[in-house]
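Secondary and tertiary structure notes
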Amino acid sequence: MKNLIDILDITTEEIDALIDTANDIIENPGKYNEKCRHKKLATLFFEPSTRTRLSFEAAMLDLGGSVLGFSESNSSSASKGESVSDTVRTVGCYADIIAMRHPKEGAPLAASFSAGVPVINAGDGGHNHPTQTLTDLLTIKRECGRLSDIKIGFCGDLKFGRTVHSLIMALTRYENVEIVLISPEELCIPQYLKDILRSQNIKFTETRTMESVMSELDILYMTRVQRERFFNEADYIRLRDTYILTPEKLEDAKKTLCIMHPLPRVNEISTEVDVDPRACYFKQVKNGKFIRMALILKLLEVK
Ligand code: CP
């Protein structure tokens, strides 16, 4: 693995190894705090972020390395018309590894051709978000004890939700995974993903309400309706509050349910749910740093 652009760039064995390393970092953080001394991570964020950028930066700092970069395209020469290719070729002269977020699908892949150092896709448009998927897999493994034999419901904006797309692709690799897609018709997953699920005989169903399936789920993966991807504000306003998870809606849910959300949230999970022991979304936030530490070590080939 030289870059991480798509979750399918890595094998299940490599994912297992990254999860093992992340768990070891959680147990023995002191073992890792000099591993990347004199190494530099560049975070190139052409789109806003809180968790992904800061967890990458915290990950590199906790490995003893340094960080540089920008958090909006306006503060880089992209605002003067510089291409992604020239930007990353430049940054590759200063940094050992690049984490990049961009609103255009495919931009991190294009960047990987000219960077000269490993490139990590930190989210490209409505396409993919592989490091969120690694975070999600680590969280599922730690909370449920397994990645196989699960029934997972994805709820909300499944059309534009890149975290959903990447996690579905990853889960196609595990045994006996059943997927429930909970969305309004206008926000259902792209056809190409349905085709992949059918071709791989992954059991999936579609429904419009979370209440109808709540009692069956091992994992409920909530998502935000993404205002920034809509062409029409009126459509966003009409759809944004379709699903709001409240304590009442969890009355029939399993005691072992794992409630996930890549965050940021807007209204789709009531803050009253935060104190429910099944709420795992802030555990996901913490796990994000540890799995990104494991990924940086792997891509820099640091033992
Ligand atoms: N989950 C996630 O990608 O969050 P940010 O947009 O804050 O990075």
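Residues numbered from 1 in each chain as written. Predicted model: local features only at pLDDT ≥ 70, side-chain atom pairs only at ≥ 80, totals over all residues. Heavy atoms only, no water.

A short note on the domain arrangement of the protein chain
- Domain boundaries in the protein chain define domain 1 (7–128 + 287–299) and domain 2 (130–285).
- For domain 1 versus domain 2, the separation of C-alpha centres amounts to 25 Å.
- Each side of the interface is counted separately: domain 1 has 31 residues, and domain 2 has 28 residues.
- Together, the buried faces of domain 1 and domain 2 total about 2500 Å²; carbon and sulfur atoms form 57% of this surface.
- The largest share of the area that domain 1 buries against domain 2 comes from Ile 7, Arg 51 and Asn 287, three residues that together contribute 28% of it.
- Here domain 1 is connected to domain 2 by 1 salt bridge.
- Applying the counting rule to domain 1 against domain 2 returns 13 residue pairs in polar contact (both at pLDDT 80 or more).
- Of all the elements in the fold, those that place two or more residues in the side of domain 1 that touches domain 2 are helix H1 (12–27), helix H2 (51–62), strand E4 (119–124) and helix H9 (281–299).
- No other element matches the 8 residues that H1 contributes to the side of domain 1 that touches domain 2.
- Looking at the side of domain 1 that touches domain 2 residue by residue, the classes come out as 12 nonpolar, 12 polar and 7 charged. (Domains from an automatic or database assignment. Contact = heavy atoms within 4.5 Å. Buried area = accessible area lost by both parts, 1.4 Å probe. Salt bridge = Lys/Arg side-chain N within 4 Å of Asp/Glu carboxyl O. Polar contact = N/O pair within 3.5 Å; in protein donor to acceptor, adjacent residues only side chain to side chain. Helix = DSSP H or I, 4+ residues; strand = E, 2+ residues; numbered from the N terminus. Nonpolar A, V, L, I, M, F, W, Y, C, P; charged D, E, K, R; others polar.)

Focus: a negative patch on the surface
- A contiguous patch of negative charge on the surface is contributed by Glu 248, Glu 251, Asp 252 and Glu 272.
- Tracing the backbone through its elements, the reader meets Glu 272 in the loop between strand E9 (258–260) and H9. (Patch = residues over 30% accessible without salt bridge, like charges linked within 9 Å, V, L, I, M, F, W, Y side chains within 5 Å. Areas by Shrake-Rupley, 256 points an atom, 1.4 Å probe, with all protein chains shown as cover. Lys, Arg positive; Asp, Glu negative; His and termini not counted. Charge placed at Lys NZ, Arg CZ, Asp CG, Glu CD.)

Observations concerning the sheet that holds strand E6 (residues 177–182)
- One open sheet holds the 5 strands; their spatial order is E7-E6-E5-E8-E9, and the pairing between them is parallel. Strands with a single pairing partner mark the edges of an open sheet, and in this sheet they are strand E7 (203–207) and E9. Between one strand axis and the next, the sheet turns by 15° as a mean value, whatever way the strands run.
- Pairing geometry for strand E5 (residues 150–155) and E6, over 6 bridges, is parallel. (Pairing = 2+ DSSP bridges. Axes fitted to C-alpha atoms, helices over the stretch in contact; angles between N-to-C directions.)

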